[in-house]
Structures are given as C-alpha cells and as structure tokens.
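Spelled out, the chains give:
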There are 4 protein chains.
Amino acid sequence: MEKKVLMTGFDAFEGERVNPALETVKILNGYQEKGVHIVAVEIPTVFRASIKKLEEAIKEENPDVVICVGQGGGRTHITPERVAINVDDARIPDNEGNQPIDEAIVKNGPVAYWSTLPIKRIVKNLRESGIPAEVSNSAGTFVCNHLFYGLMHYLHDNAPDVRGGFIHIPYLPEQTVNKHAPSMALETIVEGLKIAAITAALEPEDIKESGGAIH
Amino acid sequence: MEKKVLMTGFDAFEGERVNPALETVKILNGYQEKGVHIVAVEIPTVFRASIKKLEEAIKEENPDVVICVGQGGGRTHITPERVAINVDDARIPDNEGNQPIDEAIVKNGPVAYWSTLPIKRIVKNLRESGIPAEVSNSAGTFVCNHLFYGLMHYLHDNAPDVRGGFIHIPYLPEQTVNKHAPSMALETIVEGLKIAAITAALEPEDIKESGGAIH
Amino acid sequence: MEKKVLMTGFDAFEGERVNPALETVKILNGYQEKGVHIVAVEIPTVFRASIKKLEEAIKEENPDVVICVGQGGGRTHITPERVAINVDDARIPDNEGNQPIDEAIVKNGPVAYWSTLPIKRIVKNLRESGIPAEVSNSAGTFVCNHLFYGLMHYLHDNAPDVRGGFIHIPYLPEQTVNKHAPSMALETIVEGLKIAAITAALEPEDIKESGGAIH
Amino acid sequence: MEKKVLMTGFDAFEGERVNPALETVKILNGYQEKGVHIVAVEIPTVFRASIKKLEEAIKEENPDVVICVGQGGGRTHITPERVAINVDDARIPDNEGNQPIDEAIVKNGPVAYWSTLPIKRIVKNLRESGIPAEVSNSAGTFVCNHLFYGLMHYLHDNAPDVRGGFIHIPYLPEQTVNKHAPSMALETIVEGLKIAAITAALEPEDIKESGGAIH
C-alpha cells in the first residue's frame, strides 16, 4: 500500500533570496520510491498563516507522514528536531512584520510535543548513507518551532495516527559565499530528505540509540 | 520578610577536576543581601540520585526560590534555561555509570515544564551589570535537564508557590587552559548568580523582552 | 597554447579514512578545459618526503601552475592560502611518526613566502559560481604549510615563472557523520578547484579586493 | 638590573566603546615586580600613525621588551602571535577612514618577521597560572598585524637586542552582553599580561613545546 509523505518548505526570510527548505521540497514534490510518494507544499514564513496553510494541506492531502522542513542557518548537519515548545519569541519580524514575544502558540496547550518521527532512525539511516545528521533538542522560538508545534497540536487533536515532525537543514553553498557559515549541497539535502521521508513512512518505530546533548 | 534561595551545584563530571557550578554555589552559600538569603547544596552528577538529593534539600530548607546550576561547557554566556523536557538521553555515562537512552524522567509526566524563574529579567539585569547572559532554549538531555525536570515536576506537585529553574554557566578559565573553549571568571559567575538569585527572589514576575532563537 | 596545472593531494591522516584533497585531485587528473590541462599527483602526509615528491613531480611535469591542496578540517569554505611560513610545529605526528617542533623547514630560508596564485581572483570567481570561498591567512604549521613553503622555496630558486600556492578545503560530508564539523560536497570541491586551476592558469594577475581578517 | 617592558594598547574601533587592550595596559602602566617595570602607551587604531606613535615611544622609553596588545574579538584565549606579515588588507576602515587593500607595510621589506618574544614559554607560564592561552599563527591583516610588522621591522633595523611581539586578547565581558562571543575578565587579562611581560623580560629564550596548528 502506498504511503504519502507531505513535506513543507518555507519561503525565504531574514534577507535571504532563497530558502533551502523550499528549494529542496520543490525538487522532491512528486518523488516516488519503494511505495512512498512525496507531495510538497510551500509555507509562508509567517506566524499563524503558516499553521493555517499546513492544516489546509493536511486536510487536502490526507498524508501518512508530515515532515516540515526549515532553514537552520549556521547548522552543519541535517537535524531532525526532538521537541516543539508552546512559545513564540521572535528575535526578528516574520515576513509580514509580526514579532510576537513570549506568547503561547496555543492558549492552554501543553508546554511541548514530541516529534512522532523516528528521529534516531532517520539520523542512523542518513549517516549510513554518508550524510551528516544529528538530533536537535531545540527548534528555536521563531516560525519553525511555531509551525512544528502547530503541526503536532493539530495531529494530536485530529489525526493521531499521522506521524509528524520537523527537520532543520543547513544553508545552501550559494547562501554562504559572503558569510562565514557552513553549508550543504542541494543534492545532499535532497538525498537526505528522501531518506528521511522513506524512513518515516516505512520504519515508523524509532530505535534507541544515543543522540543526546550534555547541555 | 526574608526570602530564601536554594542554589544547587553539581560535582565534577566528564573528566573535569572541578565543576564551576559547585565552585560558585559554595561561595554563595550563606550570602545575604537585600533580605535575600542563599543556601547552597551539592548535587551528584547522577541520574535519579540528583533529584532525590534536591527534593530532600527542598524539604529541609523550605526555600522561596530554587535555582539549579550546571556547567555548560562550551557556552560563552550565563544562560537561564527556558524549558525542561521529559527525557534522559545520555551521550556519556553519569558519575555512577548510568547511561539511559530515550527514557522518560517521569513516566506519564508532561512532555515539558517551563522554568518559573523570571528568565528575561535575569538576563536583562545581568546585562545591565556588564555580565554576558542570554536565554537558552535547551538544557540538553543529560543530568542537568534531568534535575531541572525533576525540580519542576516536584514543585508543580508539591510546592506550586516556589519558583524554580536552571542556569547553565561557562567553564572556568582554569578548565580551558588546554582546550579550545570559552570560559568565564569565577568572580563574574558568582556576581551573575547573585544577581540571578536576588532578581528571582525580589522580582518574580518576568518581563516581555525578545530573547528567542531563530532555530 | 596549452597551460598545464599540477595539482597535488595528500593521503589521509589523523585517523581519517579519506583525504578530500586526494579524492578531489584524483577526479581532476586529466581534466582539460579552455586550454588548461590538469595533472594530479598524490603526496604523502609526511614532513620532508612530501616536498621531495612534489619536486620530482614538478621536474617531471614542468607545469605552468602548481596548486597543492590539503584538508582543512573544520573549515566551511574553500580557502586559498596567502602565506607560507618557515616553521614546522606539529601538534600530531605525521604519517611516518615525525613530529618536529619549532624547526625551520629551510635553514636560513626567508621567514615566509607569499602565494603567487591570484588568490583574490580565485575567491571572486568561486563566489560568482556560488561556491563558498575566502582567503586564509594561515596554513597552520603542519605538513600542509610545510609543503606550501617547500613549493614556494623551490619555485623561487628554480622556476620563478611558475606560479604556485596552496588551497585548503573542508571535510567531505561522509567524514562528518559522527563529528560536529562543517563539510562540503565532493562535487562542489571539484568544481571549485577546476575554477581555481583555470583562474590561476589564464588570469594569473591578481585583483585588489578586500579579503583580509581583522585579527 | 631592572628590565623595562613597553606595552601598547589600541583605542576602541569597529563601533566598540572600549578596547580591552587599552583598558589592560592602562592598569599595568607603572607596574613593577621582580625587577620588571611596565610602561604603557596608547596607540591609535590607524594605519601608519600607529607605527609612528610606537617608534616615538620606543625612542623615548628605551625598553628591553616591547609587547603590543590588541583586541582579538571572538578569541577565547590570550594568544601570543607567532608571525607578522608584510601586508595591509583592511576589511573595515581604520579610525581615520583608511582602508588599504593588499598593500605592503614596508616596500621591499621581508614577507614576514617572527615574534622575538618567548611565545611558547609565555603560553606555558599562563597555563600554569590557570589562564587560557595558546599560540596564534595569524595576527590578521588589519592594524594589529600592521603595528606588529612595523614593530619588528623597526627593532630589526634599529634595536636588534630589544625583543618584541604582539598578543591578542579576548573581548571584555561587558563587550559581549549583546553579542554571542566569548570574553575574558579584565582581571584575568591583566594577570595574564603581567605574566607575559615578566616572562619576556626574565626568560627571553623560548622553549620547544608543541603549540602548532594542523591548518
């Protein structure tokens, strides 16, 4: 039976001309392998509107897995996020000028939701393919975490059988020609997200493998 | 009316000969200023035993505020933690050889607890004193986060009026003579934790001030 | 008239199984474009022997340009080196166990030699192709700097019309799956070194363009 | 017989309100210990004018040792520099708006000068006092390296018995309250520079001790 993976990518923000997340998921849109089918949707880097767009896409696509992808500028590895927290604390305005500070994403919502993706297994499978990956314990407090929390809250209430989570990816090389930051080739990211999607769709139970941080 | 602040510091781990947290709180033990009284207690860097020791100290001292302090090796700033998460995922063994992986700290406990310290106000007051400080959105998944979660869970169930939280501090200079990592002078950390204790005791309501992370 | 570029790559060291420099120049060996012809040679990561092997290759190949390439583990960008200094100061042993400390590479040689590659132009051309690049002001004090100094000293004395220099490159992604360090895709490095070779062969005069470091 | 050490510190630049180098040497001015006497002078962060001021101070003070000190923003350790190179390549304008690019400091001067301070011994003595220190292999290409090269060139031609060199120091804590960078307490830097001055004056011969960089 075919499995459908909905992947989302944000549009560019913070003065960038591209967002590696959007570039990647556009390429992956329509990809099929091993009975896994990826559909991709663009999400605005905007508080509230991002969650609304995601919920509409979930209703329309009825996926088995949802993987939201975001630019983790400065990161060296592909990093599946472990946990989404119920707070917006924006260091910069979003793409419509909103800058909430210490506001709950969902009033009276739980403090946090775990990712229900098999994050350790994704990291393991990526590494075995030679792709740098590690678990991240914080998705920040900007629109990425906002969407991640919104996703998990929606799935919790409306589609508990659908697995979901968030993956941060590095800058593309072209974004770092004038800044001193690490990057990852588009091809590597695309390959990495393929593996993540197939892993999440076909091997949904996670493994126990050390992936923690000391602090 | 006097306010009592219980501060805790871990013993050394991961091959270090000192723990800056313990060194600092030992100095602050007995400190009094502006009607705030600090009592300090040493905590073993051990899963479970750390929480047990903390709970005993809380029962004995009956404090108004609890601030647990830990070494954040590699950090440049004093970093009040925002959130404790319900997972142990140890990259290295603790001081008794335990290395839990992806285990809940409290079975069926909530995914996470917020710090109830005024973390933004602490950061602001530290900065105004010329001390580098910023909010952290992850306390990791080792004994520091473990104790932090245990603290918040205990207070939630047993002493909801007591505020509590966790602060990570940098290495001491002497710890970095042979490693390429940032450090902070003991005097600076001591002064910073004094300010944190007094702020938490006398200005418990937090302010809204941007302190987030993009990812 | 055809231009010949001799490129060299070291074998793996410091416990790595591959050296991105060697992987890259093996691919570039025999490459021809715009009348530029690349020949590649493997160099041992060994003091003295590396220079000997390089001198033999120069005598045999009689190139117009020599570009030595080395792994700059931890770097995020392709970094043409500005200057070679006359000292060996090895933090680790080389591949034959030599670990010279504060010894001159060439007794009574000059303190340093400039690269005679058009390093600013190489950086500019790489950036215009979307490849992260920046000038480096230190090639370290291990075998990379040793070979670089040996090269410039040899060219200075024996072949002053031949341009030469050194380029450090990041780890490959597969080298960083288990370490927290930046990497660059093999394809990106190969493309970058092609551009460097063609630039050095066809546009040997450098441009003046800010590329310095404050400290 | 008394030894005189001339120490210099730059004024603030790049938007900073203080320069840790100037703050430190002002405190050390007049300091005496073990027959070593420190005199300090302020140097403008300006190409040319900095060297002129330094030469005047050397003529006036007739020191045994000259140690120029500069802010190495972003560094974690006190870092004696190994080598000065004959180039100005300014990424930002100096305090009078000069921004030379790839210009020789001394026309037809040698490519580089070694520090004649006992840099390994200084690092060793600092570490034994618990102060983070390591050798640096590049002083950059801005006014710090400019002054360092100017110093060594002057001593080489006019006072070959006088030892000289350059030490970069981290930001002060107060400079990093709003930036994510490491710092070092003023007291630690002052103590470190005292040790450096006394070491350079009383133990001028360096030791051989590994202090190199792989790249």
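In the block above lies the structure referred to throughout.
Rules and cut-offs
Residues numbered from 1 in each chain as written. Chains lettered and ligands numbered in written order. Predicted model: local features only at pLDDT ≥ 70, side-chain atom pairs only at ≥ 80, totals over all residues. Heavy atoms only, no water. Contact = heavy atoms within 4.5 Å. Buried area = accessible area lost by both parts, 1.4 Å probe. Salt bridge = Lys/Arg side-chain N within 4 Å of Asp/Glu carboxyl O. Polar contact = N/O pair within 3.5 Å; in protein donor to acceptor, adjacent residues only side chain to side chain. Least-squares fit on C-alpha atoms with pLDDT ≥ 70 in both. Buried < 20%, exposed > 50% of the residue type's maximum accessible area, 1.4 Å probe, protein only. Helix = DSSP H or I, 4+ residues; strand = E, 2+ residues; numbered from the N terminus. Pairing = 2+ DSSP bridges. Axes fitted to C-alpha atoms, helices over the stretch in contact; angles between N-to-C directions.

(A) Main features of the interface of chain A and chain B. Opposite the 39 residues of chain A that make contact, chain B presents 39 residues. Summed over both sides, the interface between chain A and chain B buries roughly 3,100 Å², with carbon and sulfur atoms accounting for 60% of that surface. When the area that chain A buries against chain B is broken down by residue, the three leading residues are W114(A), I214(A) and H215(A), summing to 26%. Remark: the boundary between chain A and chain B carries eight salt bridges. Taking the shortest distance from any N to any O, the salt bridge between D102(A) and K120(B) comes out at 2.7 Å. Here chain A is connected to chain B by 23 residue pairs in polar contact (both at pLDDT 80 or more).

(B) Expanded view of the relation of the copies chain A and chain B. Least-squares fitting of chain A to chain B yields an RMSD of 0.0 Å, with the transformation described by 0.0 Å of translation along the axis and a rotation of 180°. Viewed as a symmetry operation, the transformation between the two copies matches a two-fold axis. Here 100% of the contact residues of chain A are again contact residues in chain B; the copies associate through an equivalent surface.

(C) Expanded view of the pairing of strand β4 (residues 65-71) of chain D. Residue and element names in this part refer to chain D. Most of β4 sits out of view: seven of its seven residues are buried. What you see with β4 is no split at all: V65, I67, V69 and Q71 on one side and V66, C68 and G70 on the other are buried throughout. Here strand β1 (residues 3-10) runs beside β4; their pairing, made up of five bridges, is parallel. Of the residues in β4, the one forming a bridge with G9 is V69.

(D) Structural context of the sheet that holds strand β4 (residues 65-71) of chain A. Residue and element names in this part refer to chain A. Taken in spatial order, the six strands of this open sheet run β2-β3-β1-β4-β10-β5, and their pairing is mixed. Of all strands in the sheet, those bounded by a partner on one side alone are β2 (32-33) and β5 (79-80). Contacts from helix α1 (residues 20-28) reach β1 (3-10), β3 (36-43), β4 and β10 (163-169) within the one sheet, and its direction differs from that of β1 by about 150°. Its contacts with the sheet put helix α5 (residues 186-202) on β1, β2, β3, β4 and β10, and the angle it makes with β4 is roughly 155°.

(E) Here's a closer look at the relation of the copies chain A and chain C. Between chain A and chain C, which share one sequence, the superposing operator has a rotation angle of 180° and an axial displacement of 0.0 Å; the RMSD is 0.0 Å. When you check the interface residues of chain A against chain C, 100% turn up at the interface there too, and the contact is symmetric in its surfaces.

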